[in-house]
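The lines below spell out each chain.
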Amino acid sequence: MVGQWTEFAAAMAVFLASHFIPRLGHLRDGLIGLLGRRLYFSAYGILSIILLGWVIHAAAQAPYIEVWAPANWQRWVPMLTLPAVFVLAAIGIGVETPFTLGGRRTASVSPAPEGRVELSRHPLLIALLIWAAAHLVANGALAHVIMFGVFAGLPLVAIPVFDASARRELGQGAAGLYFSGAPLFSLKPLMQGSWRARHLRPTLRRAAVGLVLWVGVLHLHEAVIGVSPFPF
């Protein structure tokens with residue numbers, strides 16, 4: 001039984017190492033200097049997708065140990081939450097702050113944020129948290145509980161790390177203004193005419209792209225993952 005878990009343990013270890021090792025000893029900064037920012041993040045993104053695929057495959061091959069019994073209602077959780085996940089992810093790519101996953105590294109570090117960051121300073125990380133938590137509910141096998149539990153834990157670790165980086169770079173006073181203008185999540189900007197005039201149209205375009213991608217993933221899920229996402 002222990003030996004049957006070897007591939008899953010190896011896949012999880014390599015996946016986690018790929019996210020933490022580059023931050024040790026300024027390794028990432030050195031690689032960016034050597035390869036250039038665009039090439040480094042392109043290569044890192046491809047590697048992350050490959051490792052994620054390995055983790056998902058290994059979890060499916062691990063011995064089945066039931067932590068909780070499957071029920072039809074559980075499959076409704078990802079079905080109902082994933083549209084929001086894809087919208088948040090689409091909004092979060094290139095969000096106007098360097099202090100988050102997927103944020104614009106060239107964004108101004110002004111303590112007065114403006115744009116989609118006023119809706120959320122961590123949209124991609126919140127999307128990852130919701131995605132992982134929703135799939136955790138729907139998958140009660142031990143390997144999947146571990147996998148989605150770890151995935152849910154990553155943004156809970158990353159958000160304080162990014163926020164601490166903002167405090168260091170901006171200083172305590174300016175950081176307070178930054179956090180008040182860039183909340184963890186807020187719909188208040190949608191009620192402000194000045195924000196809607198400047199940012200609503202491009203934000204809605206991104207949201208539409210996210211929903212189109214969600215529909216595509218929904219219909220490809222069974223072919224790629226091997227499990228139908230539909231609860232009916």
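Parameters at a glance
- Residues numbered from 1 in each chain as written.
- Predicted model: local features only at pLDDT ≥ 70, side-chain atom pairs only at ≥ 80, totals over all residues.
- Heavy atoms only, no water.
- Helix = DSSP H or I, 4+ residues; strand = E, 2+ residues; numbered from the N terminus.
- Rg over C-alpha atoms; globule rule 2.2 N^0.38 Å.
- Buried < 20%, exposed > 50% of the residue type's maximum accessible area, 1.4 Å probe, protein only.
- Contact = heavy atoms within 4.5 Å.
- Areas by Shrake-Rupley, 256 points an atom, 1.4 Å probe, with all protein chains shown as cover.
- Lys, Arg positive; Asp, Glu negative; His and termini not counted.
- Charge placed at Lys NZ, Arg CZ, Asp CG, Glu CD.
- Salt bridge = Lys/Arg side-chain N within 4 Å of Asp/Glu carboxyl O.
- Phe/Tyr/Trp six-rings, centres within 6.5 Å; stacked < 30°, edge-to-face > 60°.
- Core = buried A, V, L, I, M, F, W, Y, C linked by side-chain atoms within 4.5 Å.
- Patch = residues over 30% accessible without salt bridge, like charges linked within 9 Å, V, L, I, M, F, W, Y side chains within 5 Å.
- Axes fitted to C-alpha atoms, helices over the stretch in contact; angles between N-to-C directions.
- Parallel < 35°, antiparallel > 145°, perpendicular 65-115°, else oblique.
- Left-handed = near helix turned anticlockwise from the far one by under 90°.
- Nonpolar A, V, L, I, M, F, W, Y, C, P; charged D, E, K, R; others polar.
- Expected span 1.5 Å × (residues − 1).

(A) Local environment of the overall build of the protein. Looking only at helices and strands, one finds eight helices and zero strands in the protein. Ordering the α and β elements of the protein from the N terminus gives α-α-α-α-α-α-α-α. Computed over the C-alpha atoms, the radius of gyration of the protein is 19 Å, within 12% of the 17 Å expected from 2.2 N^0.38 for a compact globule of 232 residues. Principal-axis analysis of the C-alpha atoms gives the protein an extent of 55 × 45 × 30 Å. Counting every position in the protein, which comprises 232 residues, the buried fraction comes to 38%. Put simply, of all contacts in the protein between residues at least 6 apart along the chain, 71% involve residues at least 24 apart. For the protein, the computed accessible surface area is about 12,900 Å², with 71% contributed by carbon and sulfur atoms. Across the protein, the centroid of the 17 positively charged side chains sits 9 Å from that of the 9 negatively charged ones.

(B) Molecular detail of the pattern of salt bridges. Applying the stated criterion across every chain, the model contains three salt bridges. One salt bridge connects R116 with E96, and the closest N-O pair in it is separated by 3.6 Å. Of this pair, R116 sits in the loop between α4 (72–92) and α5 (123–138) while E96 sits in the loop between α4 and α5, and the two are 20 residues apart along the sequence. For R116, a relative accessible area of 9% corresponds to the buried category. The closest approach of N and O atoms between R121 and D163, which form a salt bridge, is 3.1 Å. Of this pair, R121 sits in the loop between α4 and α5 while D163 sits in helix α6 (residues 142–170), placing them 42 residues apart in sequence.

(C) Spotlight on the packing of aromatic side chains. Within this structure, the stated rule accounts for seven aromatic pairs. On the numbers, 5.8 Å between centres and 80° between planes, the contact of F99 with Y178 is edge-to-face. With F99 in the loop between α4 and α5 and Y178 in helix α7 (residues 172–181), this residue pair connects regions lying 79 residues apart in the sequence. Looking at F99, the relative accessible area reads 4%, which means it is buried. On the basis of relative accessibility, which here comes to 3%, the residue Y178 falls in the buried class.

(D) Region of interest: the nonpolar core. Counting residues in hydrophobic clusters, the biggest one holds 17 residues, and the most contacted among them are F8, F15, V55, A143, M147 and F151. The leading source of residues in this core is α6, at six residues.

(E) Summary view of a nonpolar patch on the surface. Where nonpolar side chains cluster on the molecular surface, the patch consists of L184, F185, L187 and M191 and spans about 430 Å² of accessible area. Mapped onto the elements of the fold, F185 is located in the loop between α7 and α8 (193–225).

(F) Examining the packing of α4 against α5 more closely. Across the interface, α4 lies against α5 with an axial gap of 8 Å and an inter-helix angle of 170°. Compared by their axis directions, α4 and α5 come out roughly antiparallel. Along this stretch, α4 crosses α5, giving a crossing that reads as left-handed. Facing W73, Q74, R75, V77, P78, T81, L82, V85, L88, A89 and G92 of α4, the residues of α5 in contact are P123, L124, I126, A127, I130, W131, A134, H135, V137 and A138. Of the residues that constitute the contact of α4 with α5, the class distribution is 16 nonpolar, four polar and one charged.

(G) Expanded view of the packing of helix α1 (residues 6–20) against α6. Relative orientation of the contacting elements α1 and α6 amounts to 5°, with a least axis distance of 11 Å. One way to sum up the angle between α1 and α6 is to call them roughly parallel. On the side of α1, the interface is formed by F8, M12, F15, L16 and F20, while α6 contributes A143, I146, M147, V150, F151 and L154.

(H) Highlighting α5. A rise of 1.5 Å per residue sets the reference length of α5, with its 16 residues, at 22 Å; its end C-alpha atoms lie 23 Å apart and thus fit the reference within 8%. Among all positions of α5, only P123, L124, L125, I126, A127, A132, A134 and H135 are buried. Looking at the packing, one finds that the buried side of α5 touches α4, α6 and α8.

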